[in-house]
Amino acid sequence: MPDSSGQPVDSIPISLALEEIITAGVRQHLKDPVSAKFGTMLAGERTVNGRQEIVVCGFVDDKRASVRSGDGKAFIAKIYPDAGNSFKLVAMGGESPNAGLAVAGACRSAGLAIEAKTS
């Protein structure tokens, strides 16, 4: 299971600036970043070992087909405000439904419940 640090987050709204950090960071890990369409995204913040982090869970589809909210690959990422808002992609669901379920499970344990698609 992807690392969620086992500590729940306090939900926060996703500002336009935070959304830009997330989308730019995730696009760097896609085969077709230009066609990326983002679905539902949830964010929360917490302090782990004295370091503030923002945890983001969501869905992205990098196919050229149209996407409905909630479709695509599940992802979990962390942003570190004390390090210039550095972005770290923790995990992204792939072709396997189990990968998406693992990401969704890690998000749920952090307190950011997203529903993974299995088909």
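Please refer to the structure higher up on the page.
Here we summarise the structure given alongside this text. Everything quoted here is computed from the prediction, not taken from an experiment.

Observations concerning the pairing of strand β3 (residues 51-61)
Then step 1. The buried fraction of β3 is high, at nine of 11 residues.
Then step 2. The turn joining strand β2 (residues 37-48) and β3, which pair antiparallel and follow one another in sequence, is formed by two residues; a positive phi near 55° is taken by Asn-49.
Then step 3. In the sheet, β3 pairs with strand β4 (residues 73-80) via seven bridges, with the strands oriented antiparallel. Paired with Val-60 across the two strands is Lys-73, which belongs to β4.

Some details on the environment of Ser-11
Then step 1. Residue position: Ser-11 is located in strand β1 (residues 10-12).
Then step 2. Relative accessible area serves as the criterion here: at 58%, Ser-11 is assigned to the exposed category.
Then step 3. Separated by 100 residues in sequence, Ser-11 and Gly-111 have C-alpha atoms that sit 7.9 Å apart.
Then step 4. Filtering out sequence-adjacent residues up to four positions away, Ser-11 remains in contact with Ala-43, Gly-44 and Leu-112.

What to know about the sheet that holds β2
Then step 1. What the five strands build is an open sheet, ordered β1-β2-β3-β4-β5; its pairing is antiparallel. Strand pairing shows two members of the sheet lacking a second neighbour, β1 and β5 (86-92), which therefore form its edges. Direction aside, neighbouring strands of the sheet carry axes that sit 30° apart on average.
Then step 2. Two elements, β4 and β5, share six bridges in a ladder whose sense is antiparallel. Opposite Lys-78, over in β5, you have Lys-88 as the bridge partner.
Then step 3. Contacts between helix α1 (residues 16-27) and the sheet are confined to β1, β2, β3, β4 and β5, with β2 contributing the most and set at about 110° to the helix.

Examining the pattern of salt bridges
Then step 1. Inspection of the entire model under this criterion finds four salt bridges.
Then step 2. Across the pair Asp-82 and Arg-51 runs a salt bridge, and its minimum N-O distance is 3.4 Å. Taken together, the residues Asp-82 in the loop between β4 and β5 and Arg-51 in strand β3 connect sequence positions 31 residues apart.
Then step 3. Judged by relative accessible area, which is 33%, Arg-51 ranks as partly exposed.
Then step 4. Lys-73 is the partner of Asp-62 in a salt bridge, and the nearest nitrogen-oxygen pair spans 3.8 Å. Here the residue Asp-62 occupies a position in the loop between β3 and β4, and Lys-73 occupies one in strand β4, the gap between them amounting to 11 residues.

Describing unusual backbone geometry
Then step 1. The phi torsion at Asn-49 lies on the positive side, around 55°, for a residue other than glycine.
Then step 2. Turning to its location among the elements, Asn-49 is positioned in the loop between β2 and β3.

Parameters and conventions
Residues numbered from 1 in each chain as written. Predicted model: local features only at pLDDT ≥ 70, side-chain atom pairs only at ≥ 80, totals over all residues. Heavy atoms only, no water. Buried < 20%, exposed > 50% of the residue type's maximum accessible area, 1.4 Å probe, protein only. Helix = DSSP H or I, 4+ residues; strand = E, 2+ residues; numbered from the N terminus. Pairing = 2+ DSSP bridges. Contact = heavy atoms within 4.5 Å. Axes fitted to C-alpha atoms, helices over the stretch in contact; angles between N-to-C directions. Salt bridge = Lys/Arg side-chain N within 4 Å of Asp/Glu carboxyl O.

Read these as spatial facts, not as claims about activity.
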